[in-house]
Amino acid sequence: MTDATATPQAAPATSLVAADARTQKRNRAERRFRAYGMAAILTGLFFLVVLVSSILYNGVGAFQQSFVNVPVYLDPAKLDKNGTGDIEEIKKVSTFGYAPLIQDGLLSEVQKSGIETPLTKSKDMKNLLSASAAAEVRDYVVANPEQIGETVEFRLLASSRVDGYLKGRVKREDVADDKNISVEQLDLTDQLRDAGIVSKGFNLSFITGADASESRPEQAGIGVSMLGSFFMMLVVLVLSLPIGVAASIYLEEFAPQNRFTDLIEVNISNLAAVPSIVFGILGLAVFIQFAHLPQSAPLVGGLVLTLMTLPTIIISTRASLKAVPPSIRDAALGVGASKMQSIFHHVLPLAMPGILTGTIIGLAQALGETAPLLLIGMVGYIASNYPDGFASGFLDPNSAMPAQIYEWAKRADPAYYERAWGGIIILLVFLLTMNAIAIILRRRFERRW
Amino acid sequence: MYDAPNREMKVDQKTTKISARGVQVYYGDTHAIKDVDVDIEDRTVTAFIGPSGCGKSTFLRCLNRMNDTIDVCRVKGEIKLDGEDIYDKRVDPVQLRAKVGMVFQKPNPFPKSIYDNVAYGPRIHGLARDKADLDEIVERALRRGAIWNEVKDRLDAPGTGLSGGQQQRLCIARAVATEPEVLLMDEPCSALDPIATAQVEELIDELRESYSVVIVTHSMQQAARVSQKTAFFHLGNLVEFGETGQIFTNPQDSRTESYITGRIG
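Rules and cut-offs
- Residues numbered from 1 in each chain as written.
- Chains lettered and ligands numbered in written order.
- Predicted model: local features only at pLDDT ≥ 70, side-chain atom pairs only at ≥ 80, totals over all residues.
- UniProt positions renumbered as here; feature names shortened; annotations may be inferred.
- Helix = DSSP H or I, 4+ residues; strand = E, 2+ residues; numbered from the N terminus.
- Rg over C-alpha atoms; globule rule 2.2 N^0.38 Å.
- Buried ≥ 20, exposed ≤ 12 C-beta atoms within 10 Å, placed from the backbone.
- Contact = placed C-beta atoms within 7 Å.
- Core = buried A, V, L, I, M, F, W, Y, C linked by C-beta atoms within 7 Å.
- Nonpolar A, V, L, I, M, F, W, Y, C, P; charged D, E, K, R; others polar.
- Pairing = 2+ DSSP bridges.
- Expected span 1.5 Å × (residues − 1).
- Bend = angle between axes of the 7 residues up to and from the residue.
- pLDDT = per-residue confidence, 0-100.
- Axes fitted to C-alpha atoms, helices over the stretch in contact; angles between N-to-C directions.
- Domains from an automatic or database assignment.
- Parallel < 35°, antiparallel > 145°, perpendicular 65-115°, else oblique.

In the nomenclature of an unreviewed UniProt entry, chain B corresponds to Phosphate ABC transporter, ATP-binding protein from the organism Roseovarius nubinhibens. In its Function (unreviewed entry) section, the UniProt entry covering chain B states "Part of the ABC transporter complex PstSACB involved in phosphate import. Responsible for energy coupling to the transport system."

An unreviewed UniProt entry lists chain A under the name Phosphate transport system permease protein PstA, with Roseovarius nubinhibens given as the organism. Database annotation for chain A, UniProt heading Sequence similarities (unreviewed entry): "Belongs to the binding-protein-dependent transport system permease family. CysTW subfamily."

A. Structural detail: the overall build of chain B. Helix and strand content of chain B: 11 helices and 10 strands. Against the globule reference of 18 Å for 265 residues, chain B gives a C-alpha radius of gyration of 19 Å, in line with a compact fold. Here the C-alpha coordinates of chain B stretch approximately 55 × 40 × 40 Å along the principal axes. Sorting the 265 residues of chain B into buried and exposed places 45% on the buried side. Residue pairs in contact within chain B that sit at least 24 positions apart in sequence constitute 68% of those at least 6 positions apart.

B. The arrangement of the nonpolar core in detail. Core analysis: the largest hydrophobic core is formed by 76 residues, its most contacted members being Phe 48, Ala 173, Leu 183, Leu 184, Val 213, Val 214 and Ile 215 of chain B. Looking at this core element by element, the count peaks at seven residues for helix α7 (residues 164–177) of chain B. Residues in contact with Leu 183 of chain B, not counting those within four places in the same chain, are Gly 101, Val 103, Ala 175, Val 176, Leu 207, Tyr 211 and Val 213 of chain B. Among the nonpolar cores identified, the runner-up in size contains 58 residues, and Met 232, Leu 307, Val 347 and Met 401 of chain A belong to it.

C. Region of interest: the interface of chain B and chain A. Chain B puts 21 residues into the contact, and the matching count from chain A is 17 residues. Within the residue set of the side of chain B that touches chain A, elements represented by two or more residues are α3 (93–99), β6 (100–103), α4 (114–125) and α7 of chain B. By residue number, the principal contributor to the side of chain B that touches chain A is α4 of chain B, which donates four residues. Its residues assigned to classes, the side of chain B that touches chain A shows 10 nonpolar, seven polar and four charged.

D. Quick look at the sheet that holds strand β5 (residues 84–85) of chain B. Residues and elements named next belong to chain B. Taken together, the four strands give an open sheet; going across it, the order is β2-β1-β4-β5, and neighbouring strands pair in antiparallel fashion. One side of each edge strand has no neighbouring strand; the edge strands of this open sheet are β2 (30–41) and β5. Examined bridge by bridge, strand β4 (residues 73–81) and β5 share two bridges and lie antiparallel to one another. Among the inter-strand pairings, Leu 81 is bridged to a residue of β5, identified as Glu 84.

E. Spatial organisation of helix α12 (residues 276–290) of chain A. All names here are of chain A. If you check α12, its first and last C-alpha atoms are 20 Å apart, about what 15 residues at 1.5 Å a residue would give, namely 21 Å. At Gly 283, α12 shows its maximal kink, close to 25°. For α12, every residue scored as buried is listed here: Phe 279, Gly 280, Gly 283 and Phe 287.

F. Geometry of the UniProt feature "domain: ABC transporter" (unreviewed entry) in chain B. According to UniProt, the "domain: ABC transporter" (unreviewed entry) feature falls on residues 18–260 of chain B. As annotated, residues 18–260 of chain B comprises 38% helix and 27% strand, and the C-alpha atoms at either end are separated by 26 Å.

G. Examining the UniProt feature "transmembrane region" (unreviewed entry) in chain A more closely. Residues and elements named next belong to chain A. Taking the numbering used here, the UniProt-annotated feature "transmembrane region" (unreviewed entry) corresponds to residues 35–57, 226–251, 271–291, 297–315, 347–368 and 420–441. Strand forms 0% of residues 35–57 and helix 100%; the C-alpha atoms that close the span are 32 Å apart. From the first C-alpha to the last, residues 271–291 spans 22 Å; its make-up is 81% helix and 0% strand.

H. Representation of the confidence of the model for chain B. Across chain B, pLDDT averages 87, with 94% of residues at or above 70. With a pTM of 0.81, the predicted complex shows an ipTM of 0.84.

I. Geometry of the sheet that holds strand β3 (residues 198–202) of chain A. Residues and elements named next belong to chain A. If you trace the three strands from one edge of the open sheet to the other, you get β2-β1-β3, paired in antiparallel fashion. The two strands at the open ends of the sheet, each matched to only one other strand, are β2 (151–157) and β3. Strand after strand, the sheet turns through a mean of 35° between neighbouring axes, direction not considered. Bridge count between strand β1 (residues 64–73) and β2: seven bridges; the pairing is antiparallel. The residue of β2 that forms the bridge with Val 70 is Phe 154. Strands in contact with helix α5 (residues 95–112) are β1 and β2; relative to β1, the strand with the most contacts, it is inclined by about 95°.

J. Region of the structure containing the domain arrangement of chain A. Residue and element names in this part refer to chain A. Domain annotation of chain A identifies domain 1 (63–215) and domain 2 (223–445). Here domain 1 and domain 2 have C-alpha centroids that lie 44 Å from each other. Taken together, the contact pairs 13 residues of domain 1 with 17 residues of domain 2. Mapped onto the side of domain 1 that touches domain 2, the elements with two or more residues apiece are α7 (160–167) and α9 (204–208). By residue number, the principal contributor to the side of domain 1 that touches domain 2 is α9, which donates three residues.

K. Inspection of the packing of helix α15 (residues 339–367) of chain A against helix α19 (residues 414–445) of chain A at higher detail. Residues and elements named next belong to chain A. Viewed as axis vectors pointing N to C, α15 and α19 meet at an angle of 175°, and their least axial separation amounts to 9 Å. The angle between α15 and α19 falls in the class roughly antiparallel. Each of Met 352, Pro 353, Leu 356, Thr 357, Ile 360, Ile 361, Leu 363, Ala 364 and Leu 367 in α15 lies in contact with α19, whose residues at this interface are Phe 430, Leu 431, Met 434, Asn 435, Ile 437, Ala 438, Leu 441, Arg 442 and Phe 445.

L. Expanded view of helix α18 (residues 401–410) of chain A. All names here are of chain A. Within α18, seven of the 10 residues are buried, which leaves the element mostly enclosed by the surrounding structure. What α18 keeps buried is the set Met 401, Pro 402, Ala 403, Gln 404, Ile 405, Glu 407 and Trp 408. On the buried face of α18, the contacting elements are α10 (223–254), α16 (371–375) and α19.

M. Fine view of the confidence of the model for chain A. Of the residues in chain A, 95% have a pLDDT of 70 or more, and the chain-wide mean is 88. No element of chain A has a lower mean pLDDT than helix α1 (residues 3–6) of chain A, which averages 50, and none a higher one than helix α2 (residues 21–59) of chain A, which averages 95.

N. Focus on the environment of Thr 309 of chain A. Residues and elements named next belong to chain A. Along the chain, the position of Thr 309 falls in helix α13 (residues 298–323). With 31 C-beta atoms counted inside 10 Å, the residue Thr 309 sits in the buried group. Taking C-alpha positions, Thr 309 is 5.4 Å from Gly 362, a pair spaced 53 residues apart along the chain. Residues within four places of Thr 309 in sequence aside, it is in contact with Val 236, Ser 240, Gly 362, Leu 363, Gln 365 and Ala 366.

O. Seen up close, unusual backbone geometry. Residue and element names in this part refer to chain B. A positive phi angle, close to 55°, is found at Asp 35, a residue other than glycine. Among the secondary structure elements, Asp 35 is positioned in strand β2. Residues other than glycine seldom take positive phi values, yet Arg 43 does so here, at roughly 50°. With respect to the helices, strands and loops of the structure, Arg 43 is situated in the loop between β2 and β3 (45–49).

P. Inspection of the environment of Gly 368 of chain A at higher detail. Relative to the helices and strands, Gly 368 of chain A is located in the loop between α15 and α16. Sequence-distant contacts of Gly 368 of chain A, defined by excluding residues within four places in its chain, comprise Pro 402, Leu 427 and Leu 431 of chain A.

Q. Expanded view of the environment of Asn 180 of chain A. Relative to the helices and strands, Asn 180 of chain A resides in the loop between α7 and α8 (183–195). Distance in space between the C-alpha atoms of Asn 180 of chain A and Lys 112 of chain A is 25 Å, their sequence separation being 68 residues.

Set out below in structure tokens:
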């Protein structure tokens with residue numbers, strides 16, 4: 001018909017095979033953008049790897065502890081001077097009475113093993129053993145007074161210097177000015193390790209034990225502050241879940257849309273972004289100074305953390321209520337369900353996975369929160385086993401895991417530094433477990449409609 | 001019309017179920033329904049047709065006060081069900097909705113078992129004395145929804161796992177399980193394929209035996225097939241209301257004629 005049909009083989013003005021300049025430019029821009037994205041992710045991964053490996057490198061040591069196997073002769077002349085066997089008399093002997101017995105025991109063990117050392121006095125053994133060793137032996141004797149007169153094999157904590165030396169933290173060249181240990185004692189430590197008298201083992205008391213004083217880091221554990229955190233989380237869960245869910249349901253389903261509810265909504269979003277220390281000072285002013293609740297108590301900590309967690313829970317609950325399709329509400333109303341029935345029978349069960357996820361994430365946030373706890377004094381130094389009862393768990397002074405970590409990090413002895421990292425590992429294990437539960441809940445109960 | 005006495009008799013047999021007078025609906029400042037008068041008869045299928053946004057769904061939702069759930073929506077005028085004003089202050093919309101059931105545009109079964117879907121209404125209204133009674137109600141409703149044979153072996157299966165057409169019939173079964181007197185259907189076939197549509201239409205025709213059915217539809221063929229009465233809405237006005245045959249063959253208003261011949265809408 002036209003000229004065009006006469007030359008069908010003619011090359012098209014633009015070839016599809018060879019991309020034109022504009023397309024090439026576009027493709028280059030896309031490749032560049034992808035490269036930026038990859039670089040961003042790799043940077044993130046790099047820092048994650050550095051973080052995790054440094055935490056593990058520094059903290060794993062806290063889960064191991066050096067112990068000394070000492071046969072201690074429970075000398076009746078020292079422990080039960082009158083020979084009456086009266087428990088009250090035995091209790092009068094303080095730990096100072098026990099320390100020489102333990103040192104004698106260790107010295108005789110050293111001599112028996114044929115170890116050659118310039119240290120030949122009982123006093124020289126003192127720095128090898130933890131200050132807590134005497135208390136441990138005394139507790140044993142008070143519990144088993146019939147053992148007096150016998151020689152009992154104890155597995156006692158080594159001192160933090162010996163522990164640090166065996167872990168490589170304390171160096172031979174560093175101890176010249178150290179009053180707590182000498183080079184000879186380090187030599188002896190090496191010999192004792194070869195003889196099997198000093199050995200490293202898993203440190204259960206780090207996970208279950210109480211905090212210890214500045215001078216005996218080898219005894220300190222995170223267990224009691226773990227209980228403090230547990231009681232706080234109990235308060236947070238019991239308060240923030242019902243209050244948060246009730247508030248969200250009311251705001252999302254019942255509240256009229258007006259300026260007042262808009263104001264509330266904006267403020268909830270703002271509260272979620274308020275620095276946690278502000279909540280701490282609020283808790284100090286309201287709960288402790290005004291309401292006269294006990295200081296340092298997990299109950300107060302829980303109340304403060306509840307205030308912090310509520311916005312998180314409300315926001316996530318409202319989001320998951322909103323995500324339930326309106327057709328489900330219509331369906332329930334259409335068969336004559338009341339508004340409350342439609343919410344409780346249909347909407348809430350469907351929103352439940354989202355609500356639980358939000359709650360767990362909120363709890364995990366609260367678990368790791370430190371700043372408000374410092375203000376309300378939840379940094380109690382609890383060196384004994386704790387608590388006596390359930391009620392005292394809420395009202396007696398305690399610490400919390402992150403606050404305990406902070407306390408340890410502040411202390412001068414490098415042995416505490418190691419424990420701070422170990423505490424971080426335990427805290428992270430809790431947080432990861434909680435997040436994993438949240439993910440599992442979401443996967444398990446998520447429904448499609 | 002009025003000179004045929006036996007025809008007059010016939011109309012009298014069909015009593016008016018719902019009567020609306022001077023109904024106005026506002027969405028905020030928008031005047032969505034303007035002064036609508038309509039009488040819906042018992043045991044009749046009444047179709048509402050009209051272009052999108054003409055207010056037919058809005059008006060339908062007035063009939064069981066589903067518009068109450070929309071904050072900005074205000075309804076004025078009078079709608080009477082069996083002579084009682086449903087917008088009276090003393091009327092509980094929940095009781096009203098038990099009497100006036102609704103089927104929605106998109107099939108919306110609860111994400112529960114087929115059995116629980118149908119049993120939910122009777123349960124919350126206390127219609128069943130015991131488990132056997134409830135079983136019977138569920139079976140009867142599923143039979144009426146023309147879906148019993150397809151699901152009787154898997155009543156425990158989730159309702160959301162059925163095909164679109166089955167889901168819609170399940171929703172109809174769910175709506176009839178509470179023994180309503182009026183069944184409102186908001187474009188019940190718009191999400192269905194032609195075969196499922198045919199099944200639902202057949203079902204609507206059967207439901208006419210026991211209920212007054214009001215159906216909103218975009219398909220004029222559907223209105224012509226299933227309804228006895230048709231109302232044509234345009235821009236919030238009820239333009240014309242009458243016997244379906246008359247509306248489609250001999251519309252009185254030029255707008256109705258333009259719409260059904262495809263010139264507007």
